[in-house]
Amino acid sequence: MKKITFKIATLLVLVIIMASNLSVNAQGKVTVSPSVTTRHYWRGIMVSNTANFEMDAVYTNNNFTFGAWGGYSFDNTYSEFDFHVGYKFSDHFNIDIWDLFANRDRASIDDYNYLDLDKKTTNHLIDASFNFYFTEQFPLSVSVATMLYGRDLDADGDQNYSTYVEFGYPVKIGGETVSLFAGLNPFENQVYGESFGFVNIGATATRKIKINDNFSLNAWAKVGINPQAETANLILGIGF
């Protein structure tokens, strides 16, 4: 009961903080970002080992964002549909909250009851990340993400609060931006790893490919290594 109360209180505090700083105006805009990737790799975890179509539709108004993200594999083995909300407090700090809903042990997300919100049976997973950015002269970023509610349960059915910490740093190589990252599992959990240590180390290189004056493609390549799982992966993607 105490853990449930803590979870509800944490979510309420986050929502109240974000809402208290929200200033909505008529200048909001919607962006739609479709992409195709060779695999879906997330925080050191190979979620989908086949090609995927992914799309993120985001409404932005001042420092507030609200969006819906979907990912579907070409061979129908993976499907995911998420809502996310975020607030940028400054150039150095923002918060993102995601409602993750993916097919983990069934053929499709359609095989789950989307309205089932009971902690012990729901397929939803609420993930909150706190993102810190340093200065332009020292562009280090630090993200701390914790699973607050849903299907992240321990053997006793209690919330596990699995947490992931990632450090990022962009560098210029040959005129192109390469983003270095190192993801850490701070304690044993069933999501990221069995012990303290790095679970996601690698780099992402991006390049804009100009088709004409009105249209460009965003291409990227990511190398991700998980020392605990002893895996290494190369992921390619193109955004439209």
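Residues numbered from 1 in each chain as written. Predicted model: local features only at pLDDT ≥ 70, side-chain atom pairs only at ≥ 80, totals over all residues. Heavy atoms only, no water.

Draft legend 1. Layout of unusual backbone geometry. One non-glycine residue, Asn76, adopts positive backbone phi at about 65 degrees. Among the secondary structure elements, Asn76 is positioned in the loop between strand S5 (64-73) and strand S6 (79-90). For Glu230, which is not glycine, the phi dihedral falls at a positive 60 degrees. With respect to the helices and strands, Glu230 occurs in the loop between strand S13 (215-226) and strand S14 (231-239). A relative accessible area of 73% means that Glu230 is categorised as exposed. (Helix = DSSP H or I, 4+ residues; strand = E, 2+ residues; numbered from the N terminus. Buried < 20%, exposed > 50% of the residue type's maximum accessible area, 1.4 Å probe, protein only.)

Draft legend 2. Spotlight on the side chain of Ser35. Assignment of secondary structure puts Ser35 in strand S1 (residues 29-37). Among all residues touching Ser35, those that are not within four sequence positions of it are Asn52, Phe53, Glu54, Trp220, Ile238, Gly239 and Phe240. (Contact = heavy atoms within 4.5 Å.)

Draft legend 3. Looking closely at the packing of aromatic side chains. In this structure the tally under the stated criterion is eleven aromatic pairs. Through a chain of ring-to-ring contacts, the aromatic side chains of Tyr87, Phe89, Phe93 and Phe132 assemble into a single cluster. Of note, Lys222 hangs over the ring of Phe181, and the distance from its end group to the ring centre comes to 5.8 Å. (Phe/Tyr/Trp six-rings, centres within 6.5 Å; stacked < 30°, edge-to-face > 60°. Lys NZ or Arg CZ within 6 Å of the ring centre and 35° of its normal.)

Draft legend 4. Structural view of the pairing of strand S8 (residues 125-133). Relative to S8, strand S7 (residues 93-100) runs antiparallel, the two being bridged by eight bridges. Considered in S8, the bridge of Ile97 is made with Ala128. For S8 and strand S9 (residues 141-150), the ladder comprises nine bridges, and the chain directions are antiparallel. From the neighbouring strand, Asn131 faces S9, where its bridge partner is Ser143. (Pairing = 2+ DSSP bridges.)

Draft legend 5. Structural detail: the sheet that holds S9. A barrel is described by the order of its strands in space; here twelve strands give the closed sequence S1-S4-S5-S6-S7-S8-S9-S10-S11-S12-S13-S14, paired in antiparallel fashion. Strand after strand, the sheet turns through a mean of 20 degrees between neighbouring axes, direction not considered. Pairing analysis gives seven bridges linking S6 to S7, with the strands arranged antiparallel. From the neighbouring strand, Lys88 faces S7, where its bridge partner is Asn94. (Axes fitted to C-alpha atoms, helices over the stretch in contact; angles between N-to-C directions.)

Everything listed here is a matter of geometry and, on its own, says nothing about what the molecule does.
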